[in-house]
Amino acid sequence: MGERPLVIPDSSVVYSLSSGHPPVATVDPGSQVVFQTQDAFSNQVTPDSPDLSRVRWETVNPATGPLAVRGSEPGDTLVVDILDISVPDRGLMVTLAGFGALAAVLRDSTVRFLPIRDRQILFNDQISLPAEPMVGVIGTAPAGEPIPCGTPGSHGGNLDTRVIGPGARVYLPVFVPGAGLAMGDLHALMGDGEVVICGVEIPGEVTVRVSLARRKRIPSPIIETADSWFFLASAADLDAAVQLSIEQALAFLRDRLPLSLTDLGLLLSIAGHTQISQIVDPLKTARMCVPKRAFASYRLAF
Ligand code: CA
Ligand code: CA
């Protein structure tokens, strides 16, 4: 049995990812760490206090951290294995007047609490949906100006990408010594797009293992699951995000496979999938999904 993992409490929160935040702890590569996280509203919206107008908006999207990983340097890649995400017995959904894809239709702000029993989200008497827990915000500290936790980017951040669940391996660029990993904004369930602006928002615990791929530079987050690689890109509009995600997938494959760019392009066109992560954050996030079976004849590894 290993040592008990380090636990970072949900009182250690930041509202931006920044090289200016001192690390709350430093661990060696290979360590397991538990991040306890508040929900996206800093646990301010409860059945006893359901009023959105009382939310202090400067404290939305908290992330727990940052954690320093010993020896990580700019140009490395931080590797975060998502081992487990806890699911509490209640989640929160909201609509916010003026926000989301349905802002013209859903004109009022609403708050909905959803019971969760045995990992089933009880939407109403007729509809229950199995939980598929995921991490909405996960990122490293950028080199330049702080980036609010609500914004996604090449450092990660508010990626709102539903494949970032238990079993996923998240690759993040390292821009500053120590990496500065932080995460939060757990969802018990979220659809691609996150169209009204939320998932089933939950506080909880994320158990991860952090490691390093030294001197392996990536331009933007990559997710690896048992079946697929996902190349994430965020931009002001979806067209640009999609384009960047495809180019990133092509570059990754080009560097690792003995195939021509033409062959790789053709294969991406028949076996790859352009997917949308979210459309409601300050930048939109798209991902190129590359199923592993398309390249099963090769040893395709990070
Ligand atoms: Ca989010
Ligand atoms: Ca959220």
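What follows covers the overall build of the protein. What the protein contains, in helices and strands, is 2 helices and 23 strands. Once the C-alpha set of the protein is aligned to its principal axes, its extents read approximately 60 × 45 × 40 Å. Expressed as a percentage of the 302 residues in the protein, the buried residues total 51%. Contacts in the protein between residues at least 24 apart in sequence constitute 76% of all its contacts with a sequence separation of at least 6. A total of about 13800 Å² of accessible surface is found on the protein, and carbon and sulfur atoms cover 52% of it.

Moving on: the pairing of strand E12 (residues 134–139). Of all the 6 residues making up E12, 6 are buried; the element is thus mostly covered by neighbouring parts of the structure. Alignment of E12 against strand E17 (residues 181–187), held across 5 bridges, turns out to be antiparallel. Across the sheet, residue Val135 finds its bridge partner in E17, namely Leu186. Pairing of E12 with strand E15 (residues 156–158), which is carried by 3 bridges, proceeds in the antiparallel orientation. Residue pairing for E15: Val137 is matched across the bridge by Asn158.

Going through the model one piece at a time under the given rule, you end up with 1 cavity of 30 Å³ or more. In this model, the largest cavity occupies a volume close to 40 Å³. Every residue along the wall of the largest cavity is listed here: Thr95, Leu96, Phe99, Leu102, Ala103, Leu106 and Val196. Of the residues in the lining of the largest cavity, the class split is 6 nonpolar, 1 polar and no charged.

With that out of the way, let us pick up the domain arrangement of the protein. By the assigned domains, the protein splits into domain 1 (6–214) and domain 2 (224–295). Just the C-alpha atoms count here: the centres of domain 1 and domain 2 sit 23 Å apart. Across the boundary between the two partners, domain 1 contributes 23 residues, which contact 16 residues of domain 2. Between domain 1 and domain 2, the buried area comes to about 1400 Å², and carbon and sulfur atoms account for 58% of it.

Here we come to the coordination of the calcium ion (ligand 2). The protein atoms that coordinate the calcium ion (ligand 2) are Asp185 (OD), Asp185 (OD), His187 (NE2), Glu201 (OE) and Glu201 (OE), at distances of 2.2 to 3.1 Å. Read from N- to C-terminus, the donor residues coordinating the calcium ion (ligand 2) fall into the pattern D-x1-H-x13-E.

Moving on: the coordination of the calcium ion (ligand 1). Of the protein atoms, only Asn158 (OD1), Asp160 (OD), Asp160 (OD) and Asp185 (OD) coordinate the calcium ion (ligand 1), at distances of 2.2 to 2.5 Å. Read in sequence order, the donor residues coordinating the calcium ion (ligand 1) give the pattern N-x1-D-x24-D. The distance between the calcium ion (ligand 1) and the calcium ion (ligand 2) comes to 3.5 Å, with Asp185 serving as a donor to both metals. Of this pair, Asp160 sits in the loop between E15 and strand E16 (169–173) while Asp185 is found in strand E17, placing the two residues 25 residues apart along the sequence. The class for Asp160 is buried, based on a relative accessible area of 1%. The buried category is assigned to Asp185, whose relative accessible area is 3%.

What follows concerns helix H1 (residues 238–254). Between its first and last C-alpha atoms H1 spans 24 Å; for 17 residues at 1.5 Å apiece the expected length is 24 Å, and the two agree. Where H1 is concerned, the buried positions are Ala241, Val242, Ser245, Gln248, Ala249, Phe252 and Leu253. Considered in projection along H1, the buried side chains sweep an arc of 130° and stay on one side of the axis. The elements touched by buried residues of H1 are strand E20 (222–224), strand E21 (228–235), helix H2 (261–271), strand E22 (273–278) and strand E23 (284–291).

The rules behind each value
- Residues numbered from 1 in each chain as written.
- Chains lettered and ligands numbered in written order.
- Predicted model: local features only at pLDDT ≥ 70, side-chain atom pairs only at ≥ 80, totals over all residues.
- Heavy atoms only, no water.
- Helix = DSSP H or I, 4+ residues; strand = E, 2+ residues; numbered from the N terminus.
- Buried < 20%, exposed > 50% of the residue type's maximum accessible area, 1.4 Å probe, protein only.
- Contact = heavy atoms within 4.5 Å.
- Areas by Shrake-Rupley, 256 points an atom, 1.4 Å probe, with all protein chains shown as cover.
- Pairing = 2+ DSSP bridges.
- 1 Å grid on protein atoms, 1.4 Å probe; cavity = no way out; pocket = protein on both sides within 12 Å on 5 of 7 lines; lining within 4 Å.
- Points joined across faces, edges and corners; volume = space filled by probe spheres on them.
- Nonpolar A, V, L, I, M, F, W, Y, C, P; charged D, E, K, R; others polar.
- Domains from an automatic or database assignment.
- Buried area = accessible area lost by both parts, 1.4 Å probe.
- Donors = N, O, S within 2.8 Å, 3.2 Å for Na, K, Ca; no water.
- Expected span 1.5 Å × (residues − 1).
- Arc of directions from axis to C-beta.

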